[in-house]
Amino acid sequence: MRTPDTAGAWTAEVRRPRGTFTRSLRFTSDGRAFLDHAGVGTWQRTGDGFTFRITEPIVVDGRCTGWVAIEQHAVWDGDSFAAHGVSVVHDATGNPSYRVPVAITARHEIRTAMFP
């Protein structure tokens with residue numbers, strides 16, 4: 001089976017103990033990773049998939065009150081991937097506050113171009 005290309009935009013279902021959310025992930029061919037509009041980090045291939053690490057700021061009333069350090073280990077499942085890992089929430093001074101187990105399933109976003 002051919003390994004899907006990690007680079008591109010992905011729609012992700014993120015499952016945490018307090019609920020499930022839909023998020024957007026984007027991976028570039030040179031190893032950068034982005035979560036929605038604020039989280040940034042890196043990714044790299046592994047034997048059967050890839051890992052990614054992203055730092056996402058926590059902004060309340062326009063002020064950064066901390067950040068989340070996201071680390072996920074992904075394996076391919078056809079043209080999608082499943083990932084698991086732990087996110088560590090830090091306060092504004094950098095102290096870890098708590099850890100959250102996170103599972104993700106994601107599929108490539110289909111984008112169509114419109115031509116006049």
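These remarks concern the structure in this document. Everything numeric in this text was worked out from a predicted model, so none of it was measured. Each chain carries its own residue numbering, running from 1 in the direction its sequence is written. Totals for whole chains, interfaces and linings use every residue, but because this is a predicted model, local features are given only for residues with pLDDT of at least 70 and side-chain atom pairs only at 80 or more, for both listing and counting. In computing side-chain values, all of the structure's heavy atoms are included and hydrogens and water are not.

A few words now on the pairing of strand E2 (residues 19–27). Here the rule is simple: two strands pair whenever DSSP picks up at least two bridges between them. In this text, helices come from DSSP runs of H or I with a minimum length of four residues, and strands from runs of E with a minimum of two, each type numbered from the N-terminal end. Of the pairings in the sheet, the one linking strand E1 (residues 8–16) to E2 comprises 9 bridges and is antiparallel in character. By the bridge assignment for E2, Arg15 is matched with Thr20. Turn length for the E1-E2 hairpin, with the two strands adjacent in sequence and antiparallel, is 2 residues. Turn length for the E2-strand E3 (residues 32–35) hairpin, with the two strands adjacent in sequence and antiparallel, is 4 residues, and the turn residue Gly31 shows positive phi of about 95°.

Further remarks concern the packing of aromatic side chains. Ring geometry is summarised as follows: Phe, Tyr and Trp rings, the Trp one being its six-membered ring, pair when their centres sit within 6.5 Å, and such pairs are stacked at plane angles under 30 degrees, edge-to-face over 60 and tilted between the two. Scanning the entire structure with this criterion turns up 12 aromatic pairs. Each ring, one from Phe27 and one from Phe52, has its centre 5.3 Å from the other, and the planes form 65°; the classification is edge-to-face. Linking Phe27 in strand E2 with Phe52 in strand E5 (residues 49–60), this pair joins segments that are 25 residues apart in sequence. On the basis of relative accessible area, Phe27 is assigned to the buried category, the value being 2%. Here Phe52 falls in the buried class, since its relative accessible area comes to 1%. Whether a residue is buried, partly exposed or exposed follows from its accessible area with a 1.4 Å probe, protein chains only, as a fraction of its type maximum: under 20%, in between, or over 50%, in that order.

Let's shift gears to the sheet that holds strand E6 (residues 63–77). Spatially, 8 strands are ordered E1-E2-E3-E4-E5-E6-E7-E8 in a closed barrel, and the strand pairing comes out antiparallel. Averaged over all pairs of adjacent strands, the angle between strand axes in this sheet comes to 30°, irrespective of strand direction. To get an axis, a line is fitted to the C-alpha atoms, and for a helix only the part in contact is used. The angle between two axes follows their N-to-C directions and goes from 0 to 180 degrees.

Relative to the assigned elements, Val100 resides in strand E8 (residues 96–108). For Val100, a relative accessible area of 14% puts it in the buried group. Once the C-alpha coordinates of Val100 and Gly85 are considered, the two residues, 15 residues apart in sequence, prove to be 8.6 Å apart. Note on contacts: a residue pair qualifies if any of its non-hydrogen atoms lie within 4.5 Å across the two residues. Not counting the four nearest positions on each side in its chain, Val100 is found in contact with Arg16, Pro17, Gly85, Val86 and Ser87.

Turning our attention to unusual backbone geometry. In this model, Asp36 sits at a positive phi of 45°, which is unusual for a non-glycine residue. Its place among the elements puts Asp36 in the loop between E3 and strand E4 (39–45). With relative accessibility at 31%, the residue Asp36 sits in the partly exposed group. Phi at Asp61 is positive, roughly 55°, even though this residue is not glycine. In this structure, Asp61 sits in the loop between E5 and E6.

This part takes up the pairing of E1. Looking at chain direction, E1 and E8 are connected through 6 bridges and run antiparallel. From the neighbouring strand, Arg15 faces E8, where its bridge partner is Ala103.

Function cannot be inferred from these measures alone, as they are strictly geometric.
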